[in-house]
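Below are the chains, spelled out letter by letter.
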2 protein chains.
Amino acid sequence: SLKYLYFALLSGPSSFSLRSHTCGELRSHHVGHRVILCGWAQYLRQDLFVILRDFSGLTQVLIPQEESASHLKAVLSELTAESVIKVTGTVRRRPAGQENKEMPTGEIEVITEDVEVFNVCCKLPFEIKDFVKKSESLRMQYRYLDLRSSQMQKNLRLRSQLVMKMREYLCNVQGFVDVETPTLFKRTPGGAKEFVVPSREPGLFFSLPQSPQQFKQLLMVAGIDRYFQVARCYRDEGSKPDRQPEFTQVDIEMSFVDQTGIMSLVEGMLQHSWPAEKGSIKVPFQTMTYEVAMRDYGVDKPDLRFNMKLIDITEIFTVEVEFLRSALSQPGGSIQAICVPSGAKLFTRKDLEELKQTANTQFGQELSVILFKEDGTLKSALKKLLCSSSAEELLNRTQAKPGDLLLMAAGPLHTVRPLLGKLRLRCAELLESCGVSLRDPSAFHFLWVVDFPLFLPKEDEPEQLESAHHPFTAALLEDAHLLYTEPHKVRGQHYDLVLNGCEIGGGSIRIHKASEQLHVLKNILKEDPSLLSHLLEALDSGAPPHGGIALGLDRLTSIIVGADSIRDVIAFPKSFRGRDIMSRAPDTVSEEELKPYHISVRWPTEGGEEGK
Amino acid sequence: SLKYLYFALLSGPSSFSLRSHTCGELRSHHVGHRVILCGWAQYLRQDLFVILRDFSGLTQVLIPQEESASHLKAVLSELTAESVIKVTGTVRRRPAGQENKEMPTGEIEVITEDVEVFNVCCKLPFEIKDFVKKSESLRMQYRYLDLRSSQMQKNLRLRSQLVMKMREYLCNVQGFVDVETPTLFKRTPGGAKEFVVPSREPGLFFSLPQSPQQFKQLLMVAGIDRYFQVARCYRDEGSKPDRQPEFTQVDIEMSFVDQTGIMSLVEGMLQHSWPAEKGSIKVPFQTMTYEVAMRDYGVDKPDLRFNMKLIDITEIFTVEVEFLRSALSQPGGSIQAICVPSGAKLFTRKDLEELKQTANTQFGQELSVILFKEDGTLKSALKKLLCSSSAEELLNRTQAKPGDLLLMAAGPLHTVRPLLGKLRLRCAELLESCGVSLRDPSAFHFLWVVDFPLFLPKEDEPEQLESAHHPFTAALLEDAHLLYTEPHKVRGQHYDLVLNGCEIGGGSIRIHKASEQLHVLKNILKEDPSLLSHLLEALDSGAPPHGGIALGLDRLTSIIVGADSIRDVIAFPKSFRGRDIMSRAPDTVSEEELKPYHISVRWPTEGGEEGK
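Below you will find a few notes about this structure. (Residues numbered from 1 in each chain as written. Chains lettered and ligands numbered in written order. Predicted model: local features only at pLDDT ≥ 70, side-chain atom pairs only at ≥ 80, totals over all residues. Heavy atoms only, no water.)

### Regarding the interface of chain A and chain B
At step 1: Between chain A and chain B, the residue contacts involve 142 residues of the former and 141 residues of the latter.
At step 2: Taken over both partners, the interface formed by chain A and chain B buries close to 12300 Å², and the fraction arising from carbon and sulfur atoms is 57%.
At step 3: Where chain A packs against chain B, one counts 16 salt bridges.
At step 4: With its nearest N and O atoms 2.7 Å apart, the salt bridge here joins arginine 579 of chain A to glutamate 201 of chain B.
At step 5: There are 81 residue pairs in polar contact (both at pLDDT 80 or more) connecting chain A and chain B.
At step 6: With 14 residues, the single largest contributor to the side of chain A that touches chain B is helix 4 (residues 150-173) of chain A.
At step 7: A class-by-class count of the residues in the side of chain A that touches chain B yields 74 nonpolar, 35 polar and 33 charged.
At step 8: Examined bridge by bridge, strand 24 (residues 599-601) of chain A and strand 24 (residues 599-601) of chain B share 3 bridges and lie antiparallel to one another. (Contact = heavy atoms within 4.5 Å. Buried area = accessible area lost by both parts, 1.4 Å probe. Salt bridge = Lys/Arg side-chain N within 4 Å of Asp/Glu carboxyl O. Polar contact = N/O pair within 3.5 Å; in protein donor to acceptor, adjacent residues only side chain to side chain. Helix = DSSP H or I, 4+ residues; strand = E, 2+ residues; numbered from the N terminus. Nonpolar A, V, L, I, M, F, W, Y, C, P; charged D, E, K, R; others polar. Pairing = 2+ DSSP bridges.)

Right under this line is the structure:
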């Protein structure tokens, strides 16, 4: 029978536990102590040692060799890897020369005096060793084994710590109130990405919201003053791969605040909660307008860890090259270039082909390539079209050096900028794969992007405007009068937080006057304001000026730990295709079980519907 | 235009804000300071004062009466209640005799030097005054106004603090890891109370789980060692009124722990996080077995703040009263009584009728009533059936005093105990409505109830067993051998935490061996084990012994703040009928929007289906 020594430790990682210490904790000052360790048999060595593992590390456990302890030897020697045991024993110093400097507990070992086998491990689909490569689907199917790896243990613990520190900052330091908001909510007008949840009332559905946007604003109207929530959010992107249908955002809203206030708060929070082992971060973060970001980097979330800015070379070419001139005659027509350092030297013909193909297939654009060879000559299909003074001017403007590569595109700004912005990132990857250290993987470069346009033309209906972010964002104060005359020119009090070229958060100062909100919804966006009547009513009953932000916790954590995918910082993520491979979800549900919800399945096959 | 003085406070409730102080903060030592306050005009007094309110309290703002400040006077005097303003001014001591001792800021007032009106409040559906009674549906429809009341502000802030302290204890003191688990999951076998969420794959559904039970156990198999989560959970109870479809539990799981360990941890956590203003709580909490709870209180969650225990009086009657003898001849037949102090004196005939009716309609039982009159005589329909020695014995056993009331019921234990358990609580309410102080509303009595039966007979199929709590609970060590022979006799390592007669949490030590879990699922519960194959596989790949608990945060908070309903500790609860009255959810969704989910509505009317 199980009879435990009960260690009434009142705090720390072994409190209230059957163990006295963790497997990562024993040092030479513990020599002579009697200890109880619990953990997994990582491996056996020469029938002499069991290496015992828990979340905190490894301890070498000595298998007694004396005849009198033959039962212990029998039990321990037959352990399969990953079996779970409890070892009672005494800590001793390892014999001279046998210390392991690589192992934090490498000075000691534990001589077994008693052992209890909690569970014998059967055959495993893969070994729990960090160097053993596993396929993604195997990792997902046996996630409970995958999580035993030291990397996944570290990731989940770092995430927990990060969130805890954010909470301390918001709640204890800044007086924020943690408020939980509903996830069973009303469908947002046009909320195509919202999961529906049938209710027991025929034809009526809840919806899983993409963010607590409406609730956080209502909490400000309610006088909560400062709200935060680590909020579960939902987004049904159906076919899009590598998106998680549920994700977490650190959701913040404040009353009586302006843009600077929110930005400073977030800087303070990130500085406070930044993991010590990842260095410190400097505040305030750099700020850049949307206009400058697009002009210099071709994207609204530039990665500033490397240069390679877009350069406007329109003027160099206008006079001489006929086919470029036609591109320039379009509205917003322009010629832009980036200079890839050592690109001429390092990129293969195949690399160049790939870049051209990307331009062609994704942007419908021709890409012109100029190799500035190390002997100082230029190699390009364009070469004969360039007079020598223009060539010189081009090299001068782009500050190209021998060995560099120039990529050029001509066309409307709204095409060539995103194109070169994309190629800039691809070139960085190519350079890095050639061994150039371009982006320091341990560097964290934060950037605020501000002064976004408030409205954008609808893609399929360009004379109609839609919100660049959402309809609740207030206009920049100096642009507010344009709301009633030239709404397309209005910039919003919106701010995006970018880390190493990834958008990790976004927020805005909100409209707090009902009349302005109604104007935006009805006159500019041509939406039915009655769908948001509760919000409009709320704004009319004493709404304070307010604003906030939401940070994507999964993405932020993945960048901090250097993970390739957000799946590496989520305990039980959905697979690439949005499924839970371990439990096989989503799954079928019987017609009987669907009855209370008054729905039935419409099978897509033409032969009628099943289950009727 | 809005031009703010920006107060770069780096911490506290006014950091990063347009205000310099909150409305509850100014004292006499601030006299002479120039301050900026933001808030709601609670009311105007004699055109002389605006009482300005924010979450922290009230400040009296003086409307200047000088001719030179006539514009300020004009703006302030015309303010509607609940308009939102910013006041810049200087703090001065109130004139002698005008101090308000009831008001924390009552020593001072602020002389207005500048004012900005952020928002004018239109007509309100009700006044924001604590003493104004509002209907429940009006409160729900205008929740953002209801939350402005000082009570709701207090409730939400206390909840936030409570959770923060729990997190500090678990994460910072005890080394727990905060792990988020999925809410889009696979349907639990027989999970009739789980909302379904259609996926974009025809016929496949996610399900919103009632708790993270499977995930928390898998995290233990994964070596996380100590997990917690403040978890959103879902329960679709359809027609049951006053249940929230989404609720929050503090979810905890530990490896290498026994029942005592979990109980001590929870005691430590509650002691650590208990709001200072609610007094302190003593640990360890009292423990009682299920058997004793049922025997003495007729319920598994007894309210121990008052006595009135069930008393077995079977033996007194067996010999003489024929009609009782027939009740006793049933299996488990018994006669039980409770003595209601002063019940004979205080209860009306109507009260007694109500008690009898409850017994009859809810339990199918006759209730016998004996009034022990203050003159020492007994009044009862039973009286003539009682010989004087029996009567004496009855008064002796029940320790009844003149003026007390005895309630008696005869029948099988499994009926009379719950019946008297229920009447005991009802009598407590009746006594309190007569002015007897029985239960101290400021007392918090915690109780652990342990040694529950592991299985119970199914209601509709009594020879078949079902789990008393869930199929993952381990047997008491001393009963484990009975799993294979007499499973109905097995007690489980389950523990419920009861506070003032409400179950606020429950947990167990789990089965950690696959063979035992398989036996329970397959042989005892007759369930299809393949539906839990991932859990069985996990137990077979090195599962540590583990256990945990889940505390109902909504209920716990509501008891602490003394709220009648959990709706008073949830920012945006669903109504009594499970609807969001403010936004009108659930709501209709067009057939077009349902198409990607391959479902259609089955309208319950017979005339065919709509929307095809």
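### Some words on the pattern of salt bridges
Residues and elements named next belong to chain B.
At step 1: This structure, assessed with the given rule, holds 83 salt bridges over all chains.
At step 2: The salt bridge involving aspartate 568 is made with arginine 139; its shortest N-O contact spans 3.0 Å. Taken together, the residues aspartate 568 in the loop between helix 16 (553-561) and strand 23 (587-588) and arginine 139 in helix 2 (residues 136-141) connect sequence positions 429 residues apart. Comparing aspartate 568 with arginine 139 shows no difference in burial state: the two are buried.
At step 3: Two residues, aspartate 178 and arginine 167, come together in a salt bridge whose shortest N-O distance is 3.0 Å. (Buried < 20%, exposed > 50% of the residue type's maximum accessible area, 1.4 Å probe, protein only.)

### Some details on the sheet that holds strand 5 (residues 108-119) of chain B
Note: strands within a sheet are paired through backbone hydrogen bonds, in either parallel or antiparallel orientation.
Residues and elements named next belong to chain B.
At step 1: Taken in spatial order, the 5 strands close into a barrel running 1-2-3-5-4, and their pairing is mixed. For this sheet, the mean angle separating the axes of adjacent strands, direction not counted, is 55°.
At step 2: One ladder, built from 10 bridges, connects strand 4 (residues 84-93) with strand 5; its direction is antiparallel. Paired with threonine 88 across the strands is aspartate 114, a residue of strand 5.
At step 3: Here helix 1 (residues 70-77) sits on the sheet and contacts strand 1 (34-45), strand 2 (49-54), strand 4 and strand 5; the angle it forms with strand 5, its principal contact strand, is near 70°. (Axes fitted to C-alpha atoms, helices over the stretch in contact; angles between N-to-C directions.)

### Digging into the environment of methionine 582 of chain B
At step 1: Relative to the assigned elements, methionine 582 of chain B resides in the loop between helix 16 and strand 23.
At step 2: With a relative accessible area of 4%, methionine 582 of chain B lands in the buried category.
At step 3: For methionine 582 of chain B and lysine 345 of chain B, which are 237 residues apart along the polypeptide, the C-alpha to C-alpha distance reads 48 Å.
At step 4: When near neighbours in sequence (up to four residues on either side) are disregarded, methionine 582 of chain B contacts Phe215, Leu218 and His534 of chain A together with Met140, Gln141, Tyr144 and Phe572 of chain B.

### Quick look at the relation of the copies chain A and chain B
At step 1: Once chain A is rotated about the relating axis by 180° and shifted along it by 0.0 Å, it coincides with chain B to within an RMSD of 0.1 Å. On this basis, the relationship between the two copies can be described by a two-fold rotation axis.
At step 2: A shared interface surface links the copies, since 99% of the contact residues of chain A are contact residues in chain B too. (Least-squares fit on C-alpha atoms with pLDDT ≥ 70 in both.)

### Quick notes on the sheet that holds strand 7 (residues 195-198) of chain A
At step 1: Taken together, 3 strands build an open sheet; the order of strands is 7(A)-8(A)-23(B) and the sheet is antiparallel. Of all the strands in the sheet, just strand 7 of chain A together with strand 23 of chain B have a single pairing partner and so form its edges.
At step 2: Where strand 8 (residues 204-208) of chain A lies against strand 23 of chain B, 2 bridges are found, and the strand directions are antiparallel. Its bridge partner lying in strand 23 of chain B, leucine 204 of chain A is registered against threonine 588 of chain B.

### Overview of the environment of arginine 491 of chain A
All names here are of chain A.
At step 1: Among the structural elements, arginine 491 can be located in the loop between strand 19 (461-467) and strand 20 (494-499).
At step 2: Spatially, the C-alpha atom of arginine 491 lies 5.9 Å from that of alanine 475, the residues being 16 residues apart in sequence.
At step 3: Side-chain polar atoms of arginine 491 contact the side chain of aspartate 479, separated by 2.8 Å.

### Structural notes on the packing of helix 4 of chain A against helix 6 (residues 259-273) of chain A
Residue and element names in this part refer to chain A.
At step 1: Interaxial distance between helix 4 and helix 6 falls to 8 Å at its minimum, and their mutual angle equals 130°. Looking at the two axes, helix 4 sits oblique to helix 6. In this structure, helix 4 meets helix 6 at a crossing whose hand is right-handed. Counted together, Leu162, Lys165, Met166, Glu168, Tyr169 and Leu170 of helix 4 and Leu265, Gly268, Met269, Leu270, His272 and Ser273 of helix 6 form the full contact between these two elements.
At step 2: Across the contact of helix 4 with helix 6, the residue classes break down as 7 nonpolar, 3 polar and 2 charged. (Parallel < 35°, antiparallel > 145°, perpendicular 65-115°, else oblique. Left-handed = near helix turned anticlockwise from the far one by under 90°.)

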